[in-house]
Amino acid sequence: MSFVITIDGPAAAGKSTTARAVAASLGFLYVDTGALYRALALKVLSEGVSLEDEAALRRSVEGAELSLSGSPSHPQVWLDQVDVGDQIRTPAVSEMSSRLAAQPLVRRRLVECQRALARSGPLVAEGRDLGTVVFPEADVKIFLDAAPEIRAHRRHQELIRRGIPARIEEVAADLERRDQRDRTRVESPLVAAPDAIRLDTSKLGVQEEVEEVLKRVRAHPRFPRTATRPASGSGATPGGGGHDG
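First things first, this report covers the structure right here in the doc. (Residues numbered from 1 in each chain as written. Predicted model: local features only at pLDDT ≥ 70, side-chain atom pairs only at ≥ 80, totals over all residues. Heavy atoms only, no water.)

## Looking at the packing of helix α1 (residues 15-26) against helix α9 (residues 206-218)
Short version of the rule: Interaxial angles span 0 to 180 degrees and are taken between N-to-C directions of axes, which are lines fitted to C-alpha atoms, for helices over the stretch in contact. Counting from the N terminus, the helices are the DSSP runs of H or I reaching at least four residues and the strands are the DSSP runs of E reaching at least two. Here roughly perpendicular refers to angles of 65 to 115 degrees, roughly parallel to angles under 35, roughly antiparallel to angles over 145, and oblique to all remaining angles. In a left-handed crossing the near helix is turned counterclockwise from the far helix by less than a right angle, and in a right-handed crossing that turn is clockwise. Whether two residues are in contact is decided by their heavy atoms, any of which lying within 4.5 Å being enough.
In contact at an axis separation of 9 Å, α1 and α9 are set at 50 degrees when each is read in the N-to-C sense. One way to sum up the angle between α1 and α9 is to call them oblique. Every pair of crossing elements has a handedness; the one defined by α1 and α9 is right-handed. Only Val206, Glu209, Val210, Val213, Leu214, Val217 and Arg218 of α9 make contact with α1, whose side of the interface consists of Thr17, Thr18, Ala21, Val22, Ser25 and Leu26.

Below, the structure is given as structure tokens:
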């Protein structure tokens, strides 16, 4: 496995912004695992598939063609060869992606995809179970968190920037439901790995977060001193601003 940095944590803790900045600084591939779950959620919603219909869910998930750009400066996700980056950030897709993440068949398919990426070169991956399940042998594991009210404010601002109407009370309630589901699911719950570096981002600026992560990464004995891929990356296919994340 190549040099792997995992950045886990709950929604709106700052994972996406930090992971993109770290990947860009190091010239590593950027892997937004949440985008893969969101893309599958969009497909399931558009097809009207019930999560109780395991056969239909399996057909939908296994038939999906997913790919990532791998670029920290211009991250893109394609579903069945269509760029769906703008469509996967709605509250409805977020809710469905959290529910999908509790489905074993969905997790198994995407875990295989994510591990395949690590064989192609060094990467920074952000998600919820990367340091515990997907990449338990990752070189550097980071777990970001922030106070619930801070995360709700960040997610509300993100939605407003994207032109998606939202009331902060509803955003806070959605995050609370998602936190509960992610932390208590039987398979791959949201939890910090025992050897993860925990950072509370409530009072940290983006640059402070990035510098803290970079300091830990560069001190690692396996850190590759020369990047092996351009930060702008042109493509990565798994299986066929402010704070985000």
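## Quick look at unusual backbone geometry
Rules: Throughout, exposure labels follow a simple rule: accessible area from a 1.4 Å probe, protein chains only, divided by the maximum for the residue type, with under 20% read as buried, over 50% as exposed, and the rest as partly exposed.
A positive phi angle, near 70 degrees, is found at glutamine 81, a position not held by glycine. Along the chain, glutamine 81 turns up in the loop between β4 (77-79) and β5 (82-83). A residue is classified by how much of its surface remains accessible, and glutamine 81, at 65% relative accessible area, is exposed. The backbone of serine 188 shows a phi angle near 55 degrees, a positive value even though the residue is not glycine.

## So, the pairing of strand β7 (residues 140-145)
Quick reminder of the rule: By this definition, two strands are paired if DSSP reports at least two bridges between them.
Burial of β7 is extensive: five of the six residues sit out of reach of the surface. The pairing of β7 with strand β8 (residues 197-200) spans four bridges and is parallel. Each bridged residue has a counterpart across the sheet, and for aspartate 145 the counterpart in β8 is aspartate 200.

## As for helix α7 (residues 148-161)
Note the following rule: In this analysis, the expected span of each helix is defined as 1.5 Å times one less than the number of residues it contains.
The first and last C-alpha atoms of α7 sit 20 Å apart over 14 residues, in line with the 20 Å expected at 1.5 Å per residue. All of the buried residues in α7 are Arg151, Ala152, Arg154, Arg155, His156, Glu158 and Leu159. On the buried face of α7, the contacting elements are α2 (33-47), α4 (91-100), β7, α8 (168-184) and α9. Backbone geometry just after α7 places glycine 163 at a positive phi near 80 degrees.

## Here's the deal with the pairing of strand β2 (residues 29-32)
The alternating pattern of β2 places Leu29 and Val31 on one face and Tyr30 and Asp32 on the opposite face, and all of these are buried. Here β2 pairs with strand β6 (residues 123-127) via four bridges, running parallel. Bridging across to β6, tyrosine 30 finds its partner in valine 124.

Purely spatial values, then, with no claim about function.
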